[in-house]
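Geometric and topological summary
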Amino acid sequence: MKKNIEIAQFGEGNFLRAFADEMIDAANKAEVFDGGVAIIKPIPLGDLSKFEAQGLKYNVVLRGMQNGEAVVTHRRIDCICSVVDPYVDFSAYLGIARGEALRFVISNTTEAGIAFDAADAFENKPAHSFPGKLTQFLYERYVFFAGAADKGLIVLPAELIEQNGSKLRDFVLDYIKLWALPDAFAAWVRDTCLFCNTLVDRIVSGYPADEAQELARTLPDGRDDLMVVGEPFGLWVIAHERYEAVQAAFPLDKAGLPVVFCADETPYRVRKVRLLNGAHTTMVFAAHLSGFETVGEAMADATMRAFVKRVLYDEIAPTVPLGIQEVRAFADSVIERFDNPFIKHRLLSIALNSVSKWKTRVMPTLLDYQAATGNFPSGICLGLAAMKIFYDKNTGDTQDGADFPLFWDAEIGGVAGLKDYVCSMITEIQALGLQEVLLNQLSGGDQ
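Residues numbered from 1 in each chain as written. Predicted model: local features only at pLDDT ≥ 70, side-chain atom pairs only at ≥ 80, totals over all residues. Heavy atoms only, no water.

For the rest of this paragraph, the subject is the pairing of strand S1 (residues 5-10). Of all six residues in S1, five are buried; the element is thus mostly enclosed. Summarising the sheet, S1 and strand S2 (residues 36-40) pair through five bridges and their orientation is parallel. When the sheet's bridge partners are listed, phenylalanine 10 is paired in S2 with isoleucine 40. Sheet analysis places S1 next to strand S6 (residues 104-107), joined by four bridges and oriented parallel. Pairing of isoleucine 7 across the sheet is with phenylalanine 104, part of S6. (Buried < 20%, exposed > 50% of the residue type's maximum accessible area, 1.4 Å probe, protein only. Helix = DSSP H or I, 4+ residues; strand = E, 2+ residues; numbered from the N terminus. Pairing = 2+ DSSP bridges.)

Here's what the structure looks like:
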């Protein structure tokens, strides 16, 4: 039986199909939700022919570690009801906005998608920018239902920027002003549409080209050109001051799915950035200098594994502003994600732009740890020392960072005592070797 379209989804890419659509489909099949999805292509590139060829069906394969065991699951996704290209059929696009059952907008148009283009025009079919397209979409709905208060939509952007919902709402209001649309429409957007700030988390590797034929044998329909592979871990934090209303309308958590509704996503963002991303950034150069090429190889080494766990549980976790049990459970999930045997995550791919990453992902932890204990976190500092050694080797700098302003800039070098502490650790690593310094730290010899 064809479902009513409750969700307009801007984006047909791997992530939304293996994350939002996978969860929506699971909630439908658990009978806690009953919504269909209309996929809207947000950019002119690409086409939707594979969806039509496969009857709007595809499979999601999730592979990874759970409770210490490798698991592989697959789900056939049946929640897609239509696919629309507004560049080909603008009328069909606006037709989705007039849907009686429509309640949600989901988007993933990349971090660059939520942006304002003052040159965009209401007359464009469609508008160039995603916020412009959404403004056209919402205006069509507003006019069709004569501004009915119960026809506002819940907007769930999945773009990886902070305050994504708030920024998207502000750009929609900016377009309303730029295009001289009615003040009453602006009030309808502000009062009846709930723009949520979200945090999404799942590694999605996409179409498994090297394994497609083998995996197809395990699927009920055989070949699947839209098959998408990801990890079992998932987290969808949906935040709004009226989050209870969002939760009541979109009760995916009642299907046991990893969806959290709250007033403020910030603590969950801090937890994710510090524990997952911060641990990655801290371990990457220590692991690379130890001779490993991937995260999985590093985690298989007892010394490196102990180092990562110490950084996670003893240095990062105490600085995260959530309950300790919740934080430790997330740290446990980070270890399982690092252990995932199906993902070959190369260390040097994580290492790109590491100085800027360190400032945003690790430095706040270092400062909070120091403020709480009066000491620098030795594991985090060892990771910083290893990063500096790597930078020295690849820039020709041989003075332990003294003449490398990119590294010891005002932010990092401005932390009193940090440069001296890290440079002394660099000297120790150069004298004893990184493995010996690691073992010394793990045995308590750095205290």
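Moving on, we get to a nonpolar patch on the surface. A cluster of nonpolar side chains, Ile43, Leu45, Tyr87 and Val88, forms an exposed patch at the surface whose accessible area comes to about 420 Å². Considering the arrangement of structural elements, one finds isoleucine 43 in the loop between S2 and helix H3 (49-53). (Patch = residues over 30% accessible without salt bridge, like charges linked within 9 Å, V, L, I, M, F, W, Y side chains within 5 Å. Areas by Shrake-Rupley, 256 points an atom, 1.4 Å probe, with all protein chains shown as cover. Salt bridge = Lys/Arg side-chain N within 4 Å of Asp/Glu carboxyl O.)

Pairing is mixed in the open sheet, where three strands are placed in the order S9-S12-S13. In this open sheet, the two strands that pair with only one neighbour each are strand S9 (197-201) and strand S13 (259-262). Within the sheet, the average angular offset between the axes of one strand and its neighbour, ignoring direction, is 10°. (Axes fitted to C-alpha atoms, helices over the stretch in contact; angles between N-to-C directions.)

Moving on to the packing of aromatic side chains. Counted by the stated rule, this structure contains 27 aromatic pairs. An angle of 45° between the planes, with centres 5.5 Å apart, marks the rings of tyrosine 93 and phenylalanine 137 as tilted. You can see tyrosine 93 sitting in helix H4 (residues 90-97) and its partner phenylalanine 137 sitting in helix H5 (residues 130-144), a full 44 residues away along the chain. Each of the two residues, tyrosine 93 as well as phenylalanine 137, counts as buried. (Phe/Tyr/Trp six-rings, centres within 6.5 Å; stacked < 30°, edge-to-face > 60°.)

Strand order in the open sheet formed by four strands is S4-S3-S11-S10, with mixed pairing between adjacent strands. The strands lining the two open edges of the sheet, one partner per strand, are strand S4 (69-77) and strand S10 (204-206). For this sheet, the mean inter-axis angle between neighbouring strands, taken without regard to orientation, is 20°. Pairing of S10 with strand S11 (residues 228-230) involves two bridges; the strand directions are antiparallel. Looking at S11, one finds that glycine 206 is bridged to valine 229.

What follows concerns helix H16 (residues 363-373). Of all the residues in H16, the buried ones are Met363, Thr365, Leu366 and Tyr369. Relative to the axis of H16, the buried residues are bounded by an arc of 155° and lie together on one face. Exposed residues lying more than 90 degrees from the buried face of H16 are Ala371 and Ala372. Count one or two residues on from H16 and you reach glycine 374, which has phi positive near 80°. (Arc of directions from axis to C-beta.)

Bringing the pairing of S13 into the picture now. Consecutive side chains of a regular strand alternate in pointing toward one face of the sheet and then the other. Two elements, strand S12 (residues 235-239) and S13, share four bridges in a ladder whose sense is parallel. Bridge pairing links tryptophan 236 to valine 259 in S13.

Here we come to the packing of helix H12 (residues 302-316) against helix H13 (residues 324-338). Running from N to C, H12 and H13 cross one another at 155°; their axes reach a closest spacing of 10 Å. Taken together, the axis directions place H12 and H13 in an arrangement best described as roughly antiparallel. Of the two possible hands of crossing, H12 and H13 adopt the one that is right-handed. Note on element contacts: H13 touches H12 through Arg328, Ala331, Asp332, Val334, Ile335 and Phe338, opposite Arg305, Val308, Lys309, Leu312 and Tyr313. Split into classes, the residues belonging to the contact of H12 with H13 amount to seven nonpolar, no polar and four charged. (Parallel < 35°, antiparallel > 145°, perpendicular 65-115°, else oblique. Left-handed = near helix turned anticlockwise from the far one by under 90°. Contact = heavy atoms within 4.5 Å. Nonpolar A, V, L, I, M, F, W, Y, C, P; charged D, E, K, R; others polar.)

With that out of the way, let us pick up the state of the cysteines. For the structure shown, the criterion picks out zero disulfides. Sulfur of cysteine 193: no disulfide; nearest cysteine sulfur belongs to cysteine 196 and is 11 Å away. The class of cysteine 193 is buried, set by a relative accessible area of 4%. (Disulfide = S-S within 2.5 Å.)

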